[in-house]
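Residues per chain, in single letters:
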Amino acid sequence: MPRGIFVSFEGSEGCGKSTQIRLLAERLKSAGREVLLTREPGGTEIGEQLRHLLQFSKAGHTMTPETELLLFTASRAQLVREVIVPALTAGTIVLADRFLDSTTVYQGVARKLDPAEVAAINRFAVGGTLPDITFVLDLDPTIARERMRHRAAPAGAPDRMESQPAAFFDAVRAGYLALARDNADRVRLLDAAISVENLSARIWQELAPRLTP
Ligand code: TMP
């Protein structure tokens, strides 16, 4: 059984990741492929508790950047071993809504933790499991914030991460652009301001040649 393909999606809140993941999953499933979706933080029982702590719990208000880094990577360490590696071994295509690049960018760039230390902790947490291809959906933070405002309205107040100031999201965008530049072999930078259909077609164009018949 050939190993499955590990695809991760990255980008700021409001960039359209979830829509693109849903469309890609539908397309792969209609082509007869086994697909698994993951999201971070979360995806395991431990990870969902960490997600609550990281995003919604009152206890999160006093969280230091160092604690935040360790909790995001703890959630990922569990997800990799409990879910992602077994799925890839079984030949499943894994579509991850965020993976280690989120930590590189959010904690290593936007939170200004030491990038070398973040990289070391990231490496330890994933234990060698890396995406085969990563799509970064790039969007102007002003447009992304507009999209988020529309999305947050029915669900209530934005979560702890979404409540960060504008400068934080400018740093996130710059971090993703640098990531794409420095990892050109793995990371594809896509303009997320184009239509949902065109973006989905661009993603398919990149992925289709990697699918074994
Ligand atoms: P999302 O469910 O909308 O993708 O939100 C997850 C939030 O957590 C988002 O603000 C990005 C943030 N995050 C980090 O800061 N570091 C990480 O390692 C991960 C996975 C997410």
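Our subject in this report is the structure included herewith. Keep in mind that what you see is a predicted model, and the values were worked out from it rather than measured.

The rules we used
Each residue is numbered by its place in its chain's sequence as written, counting from 1. Note on the predicted model: pLDDT of at least 70 is required for a residue's local features to be given, and 80 or more for side-chain atom pairs to be given and counted; whole-chain, interface and lining totals, by contrast, use all residues. Where side-chain values are given, they derive from all heavy atoms of the structure, hydrogens and water being excluded. When a carboxyl oxygen of Asp or Glu is within 4 Å of a side-chain nitrogen of Lys or Arg, the pair counts as a salt bridge. Here a strand is any run of E in DSSP of at least two residues, a helix any run of H or I of at least four, and the numbering for each starts at the N terminus. Under the scheme applied here, a residue whose accessible area is under 20% of the maximum for its type counts as buried, over 50% as exposed, and between as partly exposed, the area being computed with a 1.4 Å probe on protein chains only. Note on definitions. A residue lies near a molecule or strand when any single heavy atom of the residue is within 4 Å of it. Pairing of N or O atoms within 3.5 Å defines a polar contact, subject to two protein rules: one partner must be a possible hydrogen donor and the other a possible acceptor, and residues neighboring in sequence count only if both atoms are side-chain atoms. Here the Shrake-Rupley method, with its probe set to 1.4 Å, supplies the accessible areas, and only the displayed protein chains count as covering residues. For this quantity, the arc is that covered by the directions from the helix axis to the C-beta atoms. Two residues form a contact once any of their heavy atoms are found within 4.5 Å. Any helix carries an expected span of 1.5 Å times its number of residues minus one.

The final tally for this structure, using the stated rule, is 11 salt bridges. Two residues, aspartate 132 and arginine 3, come together in a salt bridge whose shortest N-O distance is 3.1 Å. Remark: arginine 3 occurs in the segment before strand S1 (6-10) and aspartate 132 occurs in the loop between helix H5 (115-126) and strand S4 (133-138); sequence separation between them is 129 residues. For arginine 3, a relative accessible area of 46% gives the class partly exposed. We note a salt bridge from aspartate 182 to arginine 181, for which the minimum N-O separation is 3.5 Å.

Attention now moves to the site of the ligand. Around the ligand, 13 residues are found, and the nearest of them are Glu13, Arg51, Arg98, Thr103 and Gln107. Threonine 103 is positioned such that a nitrogen or oxygen atom in its side chain is 2.6 Å from an oxygen atom of the ligand. Glutamine 107 is positioned such that a nitrogen or oxygen atom in its side chain is 2.8 Å from a nitrogen atom of the ligand. For the ligand, whose unbound accessible area comes to 480 Å², protein coverage reaches 93%. Of all the secondary-structure elements, those providing two or more residues to the shell around the ligand are helix H2 (45-55), helix H3 (65-89) and helix H4 (100-110). It is H4 that contributes the most residues to the shell around the ligand, 4 residues altogether.

A word on H2. All of the buried residues in H2 are Gly47, Leu50, Arg51, Leu54 and Gln55. Looking straight down H2, one finds that the buried residues subtend no more than 110° of arc, so they occupy a single side. In H2, the exposed residues that point more than 90 degrees away from the buried face are Glu45 and Gln49. On the buried face of H2, the contacting elements are strand S2 (35-39) and H3.

Glancing now at the environment of histidine 61. Looking at where histidine 61 falls in the secondary structure, it is placed in the loop between H2 and H3. For histidine 61, a relative accessible area of 61% puts it in the exposed group. Remark: the alpha-carbon pair of histidine 61 and arginine 160, spanning 99 residues in sequence, is separated by 7.7 Å.

A separate point is helix H8 (residues 196-207). Between its first and last C-alpha atoms H8 spans 17 Å; for 12 residues at 1.5 Å apiece the expected length is 16 Å, and the two agree. Within H8, burial applies to Leu199, Ser200, Ile203, Trp204 and Leu207. For H8, the angular spread of buried residues about the axis comes to 140°, placing them on one side. Every exposed residue of H8 that faces more than 90 degrees away from the buried side is listed here: Glu197 and Gln205. Buried residues belonging to H8 abut S1, helix H1 (17-30), S4 and strand S5 (187-191).

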